[in-house]
Amino acid sequence: MRTLALEQLLPSGVGYAELKVQENRTANIGFLNGSLVQNNTSSSGGIMCRTFLRGVWGLASSPLISEDAMRKVIQKAAANAALLDSKVGKPRIILPQRSAQGEYLFFTTKARASIAQKIEYLKHLDDYIAEKYPDLSSRGVNFGQLDMQKQILTTDGGGFLGMTPRAIIVVWMSIDHDGEPIRHYELAGGFGEWEDHFEDPSEHYELIDRVYRELMEKKEAVWARAGTFDCVLDSDLAGILSHEAIGHTTEADLVLNGSIAGEYMDQPVASPLVTLIDVANTWNDQLCPVPVFIDDEGTEAQDCLVIERGILKNYMHNKESAQKLGFPLTGNARAYAFSDEPLIRMRNTMIVPGKDKIKDMIASIEDGYYLIDPSNGQADSTSEFMFGITRGYEIKNGKLARPIKETTIAGVAFDMLKTITMISDDMQWLCAGMCGKKQQIPVGMGGPALKCKINIGGRS
């Protein structure tokens, strides 16, 4: 990515301004039933300027990356802010700042793999599936990589040059059973480039065998019973619950627009066992799936303690929301494309592990469910949620029983959190979380397993 001497281009006479040069690079390779059906790379990038003038923003962008284009973008952004200011006429506002500067380039340090080598690697995985499991009706192996590289400079002293990569392989299989297709999949990879995750295809045999074994279990699955049951939600479900049902309600822009969390500050919203954090970059001395050290407003990113022992303590902020609500900055302003405005976005949202063992959590339930894999779901600013469940088991007399068919769970997150009575002592991050709040963007979400009461869909 071409970089610019941004310091020389900063405008004068503007209250606050951000300058950004960004390039997103993607690569996708896919096999379907043994045929290579996808092999493409793409790149999109450009420059953006955003200015703040007495409470209003002006934004302009261009796909051209040059000093001349940047000067024009700066002029347009300042003109847009001045036009809005002439219509709105807000009093002068000074944005808070906790500016930081740094360089965080997470390029792989290993020898680069060629596209031909990547195709051969994926073909090896597909051949393994085809040879060992010929009874499948369909199969696929897909690879996707996203590299986000940004250079940001702000007039209050913020500066950032970073490259954050993510590389994922998806293995999926399908069978026909009683006239209906049944499908199952697993992911591998996460934060890093291809070379950081994929050296030897045989390392994924165990994952492939597990996908097939769990797919075969689905042939024997029964319907869950509809109703409210004691359940154990596995770590992936705890992660998506943390993000979708709780995290979004505590993003300060949504609070300012009426989120239910705006009524609960310093009040109990969960069991005293629950502590929920939006982690900026590092947890237990390990980089999180989406490490953010400086956000898109040049603010030092810090962990945001959202819920502490069941009490709502903080919202996630950008500069404007922190100024309006009088809270410290958290460094949650992030944008996906070069032309996008930074929004308040989660980074790595998790529930802190407890002290229980998952076997003890299952053993404590006489009649309920162990719910493991989520599919897509949705939640709103009231914290009402509904998520799909693609894999789970009955729990009978403290032991796992029959697998269940795909179903849904639903409820009000702040009510459900109060029913949590046990939290496991382990922790797992989802490796491929994406958030679609106006702009797609990679996020981390994770957690331990939770024992709670939850509404499950099914047949009575």
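Up top you'll find the structure we're talking about.
Residues numbered from 1 in each chain as written. Predicted model: local features only at pLDDT ≥ 70, side-chain atom pairs only at ≥ 80, totals over all residues. Heavy atoms only, no water.

Concerning the overall build of the protein chain
- Looking only at helices and strands, the protein chain features 9 helices and 26 strands.
- The C-alpha atoms of the protein chain give a radius of gyration of 24 Å, which matches the 23 Å a tight globule of 460 residues would have.
- Summarising its shape, the C-alpha atoms of the protein chain cover approximately 70 × 55 × 40 Å along the three principal directions.
- Expressed as a percentage of its 460 residues, the buried residues of the protein chain come to 53%.
- Sequence separation of 24 or more characterises 74% of the internal contacts of the protein chain that already satisfy a separation of 6 or more.
- Of the roughly 19,800 Å² that the protein chain leaves accessible, carbon and sulfur atoms contribute 48%.
- In the protein chain, which carries 47 positive and 60 negative side-chain charges, the distance between the mean positions of the two groups comes to 4 Å. (Helix = DSSP H or I, 4+ residues; strand = E, 2+ residues; numbered from the N terminus. Rg over C-alpha atoms; globule rule 2.2 N^0.38 Å. Buried < 20%, exposed > 50% of the residue type's maximum accessible area, 1.4 Å probe, protein only. Contact = heavy atoms within 4.5 Å. Areas by Shrake-Rupley, 256 points an atom, 1.4 Å probe, with all protein chains shown as cover. Lys, Arg positive; Asp, Glu negative; His and termini not counted. Charge placed at Lys NZ, Arg CZ, Asp CG, Glu CD.)

Points about the nonpolar core
- If you look at the biggest cluster of nonpolar residues, it comprises 51 residues, and the most contacted ones within it are Leu 241, Ile 246, Ile 307, Leu 371, Ile 409 and Leu 417.
- Counting only elements with at least two residues in this core, the list comes to β8 (227-233), α5 (235-247), α6 (252-256), β12 (304-308), β17 (367-379), β18 (384-396), α9 (413-416) and β26 (450-456).
- Among the elements that line this core, the one with the most residues is α5, at 6 residues.
- With sequence-adjacent residues up to four places away left out, Leu 241 is seen in contact with Ile 246, Phe 385, Phe 387, Met 416, Leu 417 and Leu 450.
- Membership of the second largest hydrophobic core comes to 28 residues, among which are Ile 119, Leu 122, Ile 208 and Leu 215. (Core = buried A, V, L, I, M, F, W, Y, C linked by side-chain atoms within 4.5 Å.)

Details of helix α2 (residues 115-132)
- The end-to-end C-alpha distance of α2 is 26 Å, a good match for the 26 Å that 18 residues give at a rise of 1.5 Å each.
- Within the sequence span of α2, burial applies to Lys 118, Ile 119, Tyr 121, Leu 122, Leu 125, Asp 126, Tyr 128 and Ile 129.
- Those residues of α2 that are buried are in contact with β1 (16-32), β2 (35-53), β5 (138-154), β6 (159-177), α3 (194-197) and α4 (205-219). (Expected span 1.5 Å × (residues − 1).)

Considerations on the layout of surface pockets
- There is about 1,200 Å³ of room inside the largest pocket.
- Every residue lining the largest pocket is counted, 39 residues in all, and those nearest its centre are Tyr 185, Leu 187, Leu 430, Cys 431 and Ala 432.
- For the lining of the largest pocket, a count of residues per class yields 16 nonpolar, 14 polar and 9 charged. (1 Å grid on protein atoms, 1.4 Å probe; cavity = no way out; pocket = protein on both sides within 12 Å on 5 of 7 lines; lining within 4 Å. Points joined across faces, edges and corners; volume = space filled by probe spheres on them. Nonpolar A, V, L, I, M, F, W, Y, C, P; charged D, E, K, R; others polar.)

Looking at unusual backbone geometry
- Even without glycine at this site, Asn 284 takes up a positive phi of about 55°.
- Take Asn 284: it is sitting in the loop between β10 (282-283) and β11 (286-287).
- Note on Asn 284: relative accessible area 61%, which makes it exposed.
- Backbone geometry at Asn 397 places phi at a positive 50°, although glycine is not the residue there.
- Relative to the helices and strands, Asn 397 is located in the loop between β18 and β19 (399-403).

Here's the deal with the sheet that holds strand β16 (residues 348-351)
- Judged by pairing direction, the sheet is mixed, and its 6 strands sit side by side in the order β13-β12-β9-β16-β25-β22 without closing on themselves. At either margin of the open sheet sits one strand with a lone partner, and together these are β13 (311-312) and β22 (428-429).
- Across the sheet, α5 touches β9 (276-279), β12, β16, β22 and β25 (444-447), and the angle it forms with β25 is around 125°. (Pairing = 2+ DSSP bridges. Axes fitted to C-alpha atoms, helices over the stretch in contact; angles between N-to-C directions.)

Some points on the pairing of strand β20 (residues 407-412)
- Of the two faces of β20, only one is covered, namely that formed by Thr 407, Ile 409 and Gly 411; the face formed by Thr 408, Ala 410 and Val 412 stays uncovered.
- Pairing geometry for β20 and β26, over 2 bridges, is antiparallel. Its bridge partner being in β26, Ile 409 is matched across the sheet by Ile 456.

A few points about empty space enclosed by the protein
- Under the counting rule described, the total for this entry stands at 4 cavities of 30 Å³ or more.
- By volume, the largest cavity amounts to about 240 Å³.
- Lining the largest cavity are 21 residues, and of these Lys 150, Thr 164, Val 290, Val 292 and Arg 334 sit closest to its centre.
- Counting residues per element, the ones that place at least two in the lining of the largest cavity are β5, β6 and β24 (441-442).
- For the lining of the largest cavity, the residue count by class is 14 nonpolar, 2 polar and 5 charged.
- Along the walls of the second largest cavity sit Tyr 104, Phe 106, Phe 160, Gly 162, Met 163, Thr 164, Pro 291, Val 292 and Phe 293, which together make up its complete lining.
- Of the residues forming the lining of the second largest cavity, the biggest block, 4 residues, is contributed by β6.
- A per-class count over the lining of the second largest cavity returns 7 nonpolar, 2 polar and no charged.

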